[in-house]
Amino acid sequence: MKAAIYREYNQDPTQVIKIEDTDMPKLKANEVMIKVESASYNYNDLWAIWGDPVKVPLPHISGSDVSGIVEDVGEDVLKLKKGDRVVSHSNMSCRVCQMCTSGREYDCNDRLIWGFQTGPLWGGFCQYAHLPEVNVVKLPDTVSFDDAAAISMVGMTAWHMLVGRAKISPGQVVLIMGGTSGVGMAGIQIAKLYGCDVIATAGNKEKMDKCLELGAEYVVNHREADWYKKVREITKKQGVDVVFEHIGKSTFPQEVSLLKMGGTLVATGATTGYDSSLDLRYLFFKGTNLLGSTQGTKAELEQVIYWISKGKIKPLVSTILPFSDMVKGHTMMANADQIGKILTTPQKL
Ligand SMILES: [Zn+2]
């Protein structure tokens, strides 16, 4: 089969990724083999090639989001069969520890992100991928392979942030930072699904318009120095109930200042830097909840897929690259100027 393989780290993915012929996977008894029809890019794919902040196993196949058709199943697989349409659940946890068995697979000490920390040669940018059955979700016929690959990691992450962690409820005001990022576009739509009022932020006019199209009531440009004052004006100085955060250092202190008494900030990343400051008066005097969040559960991914099948969450796809051009996807993602997810199609060279 063809796979996108690299054997050394490099800041420039075009220097090291090659489409190579490699052996078909050998299935374990609990695994499913997927003929990969669509695969999407995530920032962890860049970190993997850079070898920073994590030295991933080499040689490496990246890719943590794939969708496709079940080609084969191991003898212990219970609920999936050849021909099923499926999407990957990249959160690989041990499934037997106290965290896992209490429903907190994202807090498992042995958790690995498939296609990022797994290997050598175990990720999604290839024609046939293999995963344990528990890491594979069946797709309804109404959800396309491209939509499924575009949403699986970001949709689950956003759902876990807002529903699992912040426990949003109807009528709340939710501030979605970076509304056209992968998690942001899912965040806007999930908050609307739950009957919240959404204020989104974006970095330019085109992205701001897209936030409104996705359902946000208001949008502000977070690259403007007084962006947080505009958010405060929109809320008539009341502030917001929930902040959905992944931007990091450049906006974090202002986000905390925008929370209502007893409000909640839930964070899943720090793109602009992690060594931020916090005015502790906001924390104790206002009873602020600061929550961290990483990935989510398989059940949460199934919720996201269900709502896509109902047309209530629509994944944003910017570009679909033939597999022979897949390395371009990394460069496009590093430039961060596209709106929506980048996909590649391993069966279409
Ligand atoms: Zn565990």
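These remarks concern the structure in this document. (Residues numbered from 1 in each chain as written. Predicted model: local features only at pLDDT ≥ 70, side-chain atom pairs only at ≥ 80, totals over all residues. Heavy atoms only, no water.)

1. As for the nonpolar core
Put simply, the rule reads: We call a set of buried residues a nonpolar core when its members are Ala, Val, Leu, Ile, Met, Phe, Trp, Tyr or Cys and they connect through side-chain atoms within 4.5 Å of each other. Per-residue accessibility, obtained with a 1.4 Å probe over protein chains only, is compared with the maximum for each type, and a residue is labelled buried under 20%, exposed over 50%, and partly exposed between these values. By the criteria applied, helices consist of DSSP H or I runs no shorter than four residues and strands consist of E runs no shorter than two, each listed in order from the N terminus.
Core analysis: the biggest nonpolar cluster contains 43 residues, and Ile 151, Leu 162, Val 174, Ile 188, Ile 190 and Ile 305 have the highest contact counts within it. Mapped by element, the contributors of at least two residues to this core are helix H3 (145-165), strand S10 (173-176), helix H4 (182-193), strand S11 (197-202), helix H5 (205-213), strand S13 (240-245) and helix H9 (298-309). Broken down by element, this core gets its largest block of residues, ten residues, from H3.

2. Overview of the sheet that holds strand S14 (residues 259-267)
Operational definition: At least two bridges found by DSSP between two strands is the condition for calling them paired. Axis definition: a line fit to C-alpha positions, over the contact stretch in the case of helices; interaxial angles, taken between N-to-C directions, run 0 to 180 degrees. Here a residue-residue contact requires only that any non-hydrogen atoms of the pair lie within 4.5 Å.
Spatial ordering of the open sheet is given by S12-S11-S10-S13-S14-S15, a layout of six strands whose pairing is parallel. In this open sheet, the two strands that pair with only one neighbour each are strand S12 (218-221) and strand S15 (289-292). Going from strand to strand, the sheet's axes swing by 20° on average, the running direction of each strand aside. Packed onto the sheet, H4 meets S10, S11 and S13 and runs at close to 165° relative to S11. Packed onto the sheet, H5 meets S11 and S12 and runs at close to 160° relative to S12.

3. Section: the coordination of the zinc ion
Applicable threshold: Any N, O or S atom lying within 2.8 Å of the metal counts as a donor, and for Na, K and Ca the limit rises to 3.2 Å; water is left out, so some sites can look incomplete. Four donors are marked tetrahedral only if all angles between them lie between 85 and 135 degrees, whereas four are marked square planar and six octahedral if opposite donors are more than 155 degrees apart and the other angles lie between 65 and 115; the remainder are marked irregular.
At 2.3 to 2.4 Å from the zinc ion lie its protein donor atoms, namely Cys 94 (SG), Cys 97 (SG), Cys 100 (SG) and Cys 108 (SG). Because the angles between the four donor atoms bound to the zinc ion fall within 104 to 117°, the donor set is best described as tetrahedral. Given a relative accessible area of 23%, Cys 97 falls into the partly exposed group.

4. Some details on a nonpolar patch on the surface
Threshold: Patches in this entry comprise residues that are over 30% relatively accessible and not in a salt bridge; like charges within 9 Å are linked, as are nonpolar side chains (Val, Leu, Ile, Met, Phe, Trp, Tyr) within 5 Å. Only the protein chains shown count as cover for residues, and all accessible areas are computed by the Shrake-Rupley method using a 1.4 Å probe. The term salt bridge refers to a pairing of a side-chain nitrogen on Lys or Arg with a carboxyl oxygen on Asp or Glu at a separation within 4 Å.
The grouping of Met 261, Leu 278, Leu 280, Phe 284, Phe 285 and Leu 290 at the surface amounts to a nonpolar patch, some 660 Å² of accessible area in total. Counting residues per element, the nonpolar patch draws most heavily on helix H8 (residues 280-285), which supplies three residues. For Leu 280, the position within the fold is in helix H8.

5. Structural notes on the pairing of strand S16 (residues 317-322)
Condition: The handedness of a crossover follows from its direction of travel: if, with the strands pointing away from the viewer, the path from the first strand over the helix to the second runs clockwise, the crossover is right-handed.
Here five bridges tie S16 to strand S17 (residues 341-345), and the two strands are oriented parallel to one another. Note on S17: the bridge partner recorded for Thr 319 is Ile 342. Viewed along the sheet, the connection from S16 through helix H10 (residues 327-335) into S17 turns out right-handed.

6. Focus: H3
One turn of an α-helix holds 3.6 residues; hence residues three or four places apart share an orientation. The condition that has to hold: A helix is expected to span 1.5 Å for every residue after the first.
With 21 residues, H3 should reach 30 Å at 1.5 Å per residue; the first-to-last C-alpha distance of 28 Å fits that figure. Of all 21 residues making up H3, 17 are buried, and the element is well covered by its neighbours. Positive phi appears at Lys 167, one or two residues downstream of H3, with a value of about 50°.

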